[in-house]
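So you can see what is in the structure, the chains are spelled out below.
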Amino acid sequence: MPGKSHHVVLNPNGGWSVIRTGASRATRRFTKKQDAIHWASVQSRKDGSELVVHKRDGMVESKSTHRDPQPPQDRS
Amino acid sequence: MPLHGGRAGREYFGRNVFINCPFDAEYFALLKPLLFTVLYLGFAPRIALERSDSGEQRIQKICELIRVSQFSIHDLSRLQSSRKNEFYRLNMSFELGIEYGCRHFAVDHLRDKRCLILEKGRFDFMKALSDLSGVDIKNHGSDPARLVRCVRDWFVETAGLRGVEGSTAIWYEYNLFAEEFYSRRLAEGFSDEDLDMMPVPEYTGFIRDWVRARG
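Only a predicted model underlies this, so the values are computations on that prediction, with no experimental measurement involved. Along every chain, residues carry numbers that run from 1 in the direction the sequence is written. Chain letters and ligand numbers both follow the written order, the letters beginning at A and the numbers at 1. Restriction of local features to residues with pLDDT of at least 70 applies here, the model being predicted, together with a cutoff of 80 or more for giving and counting side-chain atom pairs; totals for whole chains, interfaces and linings are based on all residues. Calculation of side-chain values draws on the structure's entire complement of heavy atoms; hydrogens and water are dropped beforehand.

Account for the sheet that holds strand 4 (residues 50-54) of chain A, naming residues and giving values.
Residues and elements named next belong to chain A. Here we have 5 strands laid out as an open sheet, ordered 3-2-1-4-5, and mixed in their pairing. The sheet is open, and its two edges are formed by strand 3 (28-30) and strand 5 (60-65), each paired on a single side. Averaged over all pairs of adjacent strands, the angle between strand axes in this sheet comes to 20°, irrespective of strand direction. DSSP calls a pair of strands paired once it identifies at least 2 bridges connecting them. The helix count covers DSSP runs of H or I at least four residues long, the strand count covers runs of E at least two residues long, and both are numbered beginning at the N terminus. In this structure, strand 1 (residues 5-10) lies alongside strand 4, joined through 4 bridges in parallel fashion. Paired with Val 8 across the bridge in strand 4 is Val 53. Note on geometry: axes are lines fitted to C-alpha atoms, helical ones only across the stretch in contact, with angles between N-to-C directions running from 0 to 180 degrees.

Laid out in structure tokens, this is it:
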């Protein structure tokens, strides 16, 4: 199972939403896509998680990862 | 050998959904969430692209798919030619006619067939198929998220489906699936072209596995 990610997706009821993997409800809703990307980017940096931005058709527009490639428990 | 993957029998009739739509690259942005929604709701999409037997006539295959499917979805949104000298597209309305005749003249379980007709804009179909005036038609505006809502709501209204998630939640699930599908397949060595041109049975197989894994 992949790690948690923040996804910026089209909200069918208007605007753009930020959702997390494993959640069927939006965390936050924004009028502008750029505002949603900004907020999700801040959250994913905090969490060290991946940010996935989707296009209007649901396909992936861009991905960026803030995951630590070597988590503390793996360091020797 | 069971016909068509063993999904032709009467026990599958109430789960099969015949999909009548264009098969061009432009429509794939709608076909993908359409297939996802049908599978997510627990039904089995039946589509002319599900098998390619050069020894089988396409019209025979379509009639067989219509016969074994209680439900059908007909997207008439691409009937109109969009360029000068481009032919008007008749396949979708022709197949809708077969579906209508099958139900209308049936004397057995085929009378229980139910269909959803989709169009792009409200009342667009009236300009080409005025015989359909008075029937309920949903319009998706060529928007994938609206298409998910049309299909999900129709299954609730017409197929009596209950206890299913709302269309917004299903749309979000589709977005999550799309990301995981592409990233996993690319990691497995598929190219972008492989994924864009993937045969329908392979694509629907991945959706089935993903939905099953989500529980």
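The rest of the description comes next.
Let's hear about the packing of helix 2 (residues 28-40) of chain B against helix 8 (residues 200-214) of chain B: which residues, and what values?
Residue and element names in this part refer to chain B. Close contact between helix 2 and helix 8 brings their axes to 10 Å; oriented N to C, the two are set at 45°. Taken together, the axes of helix 2 and helix 8 are oblique relative to one another. When you trace helix 2 past helix 8, the crossing you get is right-handed. Between helix 2, through Lys 32, Leu 35, Phe 36, Leu 39 and Tyr 40, and helix 8, the contact on the second element is made entirely by Val 200, Tyr 203, Thr 204, Ile 207, Arg 208, Trp 210 and Val 211. Gly is placed with the polar residues, together with every amino acid not listed as nonpolar (Ala, Val, Leu, Ile, Met, Phe, Trp, Tyr, Cys and Pro) or charged (Asp, Glu, Lys and Arg). Taken together, the residues of the contact of helix 2 with helix 8 break down into 9 nonpolar, 1 polar and 2 charged. Our angle categories are set so that under 35 degrees counts as roughly parallel, over 145 as roughly antiparallel, 65 to 115 as roughly perpendicular, and the remainder as oblique. It is the rotation of the near helix from the far one that decides the hand of a crossing: anticlockwise by less than a right angle makes it left-handed, clockwise makes it right-handed. Any two residues whose heavy atoms approach within 4.5 Å are treated as being in contact.

Report on the interface of chain A and chain B, specifying residues and quantitative values.
At the junction of the two partners, chain A supplies 25 residues and chain B supplies 21 residues. Summed over both partners, buried area is the accessible surface (1.4 Å probe) that two parts give up on being assembled. Across the interface of chain A and chain B, roughly 1700 Å² is buried in total on both sides, 61% from carbon and sulfur atoms. The term salt bridge refers to a side-chain nitrogen of Lys or Arg lying within 4 Å of a carboxyl oxygen of Asp or Glu. Counting every contact that joins chain A to chain B gives 2 salt bridges. Pairs of N or O atoms within 3.5 Å make up the polar contacts considered here, provided that, within protein, one atom can donate a hydrogen while the other can accept it, and that residues adjacent in sequence are counted only when both atoms are side-chain atoms. Inspection of the region where chain A meets chain B yields 7 residue pairs in polar contact (both at pLDDT 80 or more). Considered class by class, the residues forming the side of chain A that touches chain B number 11 nonpolar, 9 polar and 5 charged.

An account of the environment of Thr 204 of chain B is requested, with residue identities and associated values reported.
All names here are of chain B. For Thr 204, the location among the structural elements is in helix 8. Taking the C-alpha atoms as reference points, Thr 204 and Leu 30, 174 residues apart in sequence, are found 14 Å from one another. Excluding anything up to four places from it in sequence, Thr 204 contacts Leu 35, Leu 39 and Pro 45. Within the structure, Thr 204 has its side chain in polar contact with the backbone oxygen of Pro 201 (distance 3.1 Å).

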